[in-house]
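Summary of structural features
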Amino acid sequence: MAVEGVPAFDAIESYDELIAWSRAYARKARREWLLDVRLDLVEWSVSTRARRRAAAVKRQRIPDATVGKPIDWGRVPESDGRPLPCTISLTWEAFESFSGDEWKSTLRHELLHVEQFQRDGTTDHGPAFERRAREVETDVRCRTFATPEWLFRCSECGSEVARRYRECPFVREYEAYRSECCGAALVRSRPG
Ligand SMILES: [Zn+2]
Ligand SMILES: [Zn+2]
């Protein structure tokens, strides 16, 4: 995906770059998979909290909204007639552990939640979601992530110093680093 101002997936180094890449993909996916989403009403954020979910859609709870029953946004007090804005929250650690294709699939999953929310005022993983997930070739369940490719421990006390999900300078040059706890060399392992 070569878009001006958007880095290649493997060159993403900052939260802003991850958002820029993900936004650009969302625009492309919207056309390519005919997603009925208004991206101007979507905000983006990056979460660094250690969570098992790769991404999530944060949205307001709207009383009496039901999946499969289009909502009249004009009746929602906080709305000006358009769907209320929602936020796609991306988990940095998940991005680090996923391939580009896995990340795209994760984004399509979240965009389906946005599609449901903007139409019905709520979203879930029920039969309607399952159908759409099959159509856009993504998982029905929110993707989780767990096992890092590389684990680094302090050679002195054994405590975990770092984890990395793919090859990066730190993985190659870890011998140049010392642990903060004991100032000792690091031991590298592959838990997978
Ligand atoms: Zn989900
Ligand atoms: Zn130590």
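This report concerns the structure included in the present document. Since the model is a prediction, treat every value here as computed from it, not as a measurement. (Residues numbered from 1 in each chain as written. Chains lettered and ligands numbered in written order. Predicted model: local features only at pLDDT ≥ 70, side-chain atom pairs only at ≥ 80, totals over all residues. Heavy atoms only, no water.)

Right, let's talk about the overall build of the chain for a bit. Secondary structure summary: the chain contains five helices and six strands in total. Of the regular secondary structure in the chain, the N- to C-terminal order runs α-β-β-β-α-α-α-β-β-α-β. If one aligns the C-alpha atoms of the chain with their principal axes, the spans along those axes are about 60 × 35 × 30 Å. Here the chain holds 192 residues, and 43% of them are scored as buried. By sequence separation, contacts in the chain at least 24 residues apart represent 66% of the contacts at least 6 residues apart. (Helix = DSSP H or I, 4+ residues; strand = E, 2+ residues; numbered from the N terminus. Buried < 20%, exposed > 50% of the residue type's maximum accessible area, 1.4 Å probe, protein only. Contact = heavy atoms within 4.5 Å.)

Glancing now at the nonpolar core. In terms of nonpolar packing, the biggest core is built from 39 residues, with Leu 18, Trp 21, Trp 44, Ile 88, Leu 90 and Trp 103 touching the most fellow members. For this core, the secondary-structure elements that each account for two or more residues are α1 (15–32), β1 (42–47), β2 (55–58), β3 (86–91), α2 (92–97), α3 (100–120) and α4 (127–135). When residues of this core are assigned to their parent elements, the largest contribution, seven residues, is made by α1. Trp 150, Ala 162, Tyr 174 and Leu 186 belong to the second largest nonpolar core, which has eight residues in total. (Core = buried A, V, L, I, M, F, W, Y, C linked by side-chain atoms within 4.5 Å.)

So, on to the sheet that holds strand β4 (residues 150–154). In space, the three strands of this open sheet follow the order β5-β4-β6, with antiparallel pairing throughout. What marks the edges here is a single partner per strand, and that holds for β5 (160–164) and β6 (186–189). Each strand of the sheet is rotated relative to its neighbour by a mean of 20°, with strand direction disregarded. The pairing of β4 with β6 spans four bridges and is antiparallel. Bridging across to β6, Cys 154 finds its partner in Leu 186. (Pairing = 2+ DSSP bridges. Axes fitted to C-alpha atoms, helices over the stretch in contact; angles between N-to-C directions.)

As a further point, take α1. Spanning 18 residues, α1 covers 25 Å between terminal C-alpha atoms, matching the ideal 26 Å at 1.5 Å per step. Here α1 has its buried residues at Leu 18, Ile 19, Trp 21, Ser 22, Ala 24, Tyr 25, Ala 26 and Ala 29. Elements in contact with the buried residues of α1: β1, β3, α2 and α3. Among the residues trailing α1, Leu 34 stands out with phi positive, at a value near 55°. (Expected span 1.5 Å × (residues − 1).)

Within the protein, Cys 154 (SG), Cys 157 (SG), Cys 181 (SG) and Cys 182 (SG) serve as the donor atoms for the zinc ion (ligand 2), at 2.2 to 2.4 Å. Geometry at the zinc ion (ligand 2) is tetrahedral, judged from the four donor atoms that bind it and their angles of 102 to 117° at the metal. Within one chain, the residues serving as donors to the zinc ion (ligand 2) are arranged as C-x2-C-x23-C-C. For Cys 181, a relative accessible area of 47% translates into the label partly exposed. (Donors = N, O, S within 2.8 Å, 3.2 Å for Na, K, Ca; no water. Tetrahedral: all angles 85-135°; square planar, octahedral: opposite > 155°, others 65-115°.)

Right, let's get into the pattern of salt bridges. Pairs can form between side chains of opposite charge whenever their charged atoms are close. All chains considered together, the criterion is met by eight salt bridges. Residue Asp 72 pairs with Arg 75 through a salt bridge whose shortest N-O separation is 3.2 Å. The class for Asp 72 is partly exposed, based on a relative accessible area of 41%. With a relative accessible area of 70%, Arg 75 lands in the exposed category. Connected via shared salt-bridge partners are Glu 115, Arg 132 and Glu 135. (Salt bridge = Lys/Arg side-chain N within 4 Å of Asp/Glu carboxyl O.)

Summed over all chains, the structure comprises eleven aromatic pairs. Taken together, a centroid distance of 5.1 Å and an interplanar angle of 65° make the contact between Tyr 15 and Trp 92 edge-to-face. Here Tyr 15, found in helix α1, pairs with Trp 92, found in helix α2; they are 77 residues apart in sequence, far enough to count as distant. Classification of Tyr 15 as partly exposed rests on a relative accessible area of 41%. Ring geometry for Phe 152 and Tyr 174: centres 5.5 Å apart, planes at 50°, overall tilted. Of this pair, Phe 152 sits in strand β4 while Tyr 174 is found in the loop between α5 (169–173) and β6, placing the two residues 22 residues apart along the sequence. Three or more aromatic residues link up through ring pairs in this structure, and these residues are Phe 9, Tyr 15, Trp 21, Tyr 25, Trp 92, Phe 95, Phe 98 and Trp 103. The lysine or arginine in question, Arg 164, covers the ring of Phe 170, its NZ or CZ lying 4.7 Å from the ring centre. Residue placement shows Arg 190 over the ring face of Trp 150; its charged tip is 4.0 Å from the ring centre. (Phe/Tyr/Trp six-rings, centres within 6.5 Å; stacked < 30°, edge-to-face > 60°. Lys NZ or Arg CZ within 6 Å of the ring centre and 35° of its normal.)

These results come straight from atomic positions and should not be treated as a statement about function.
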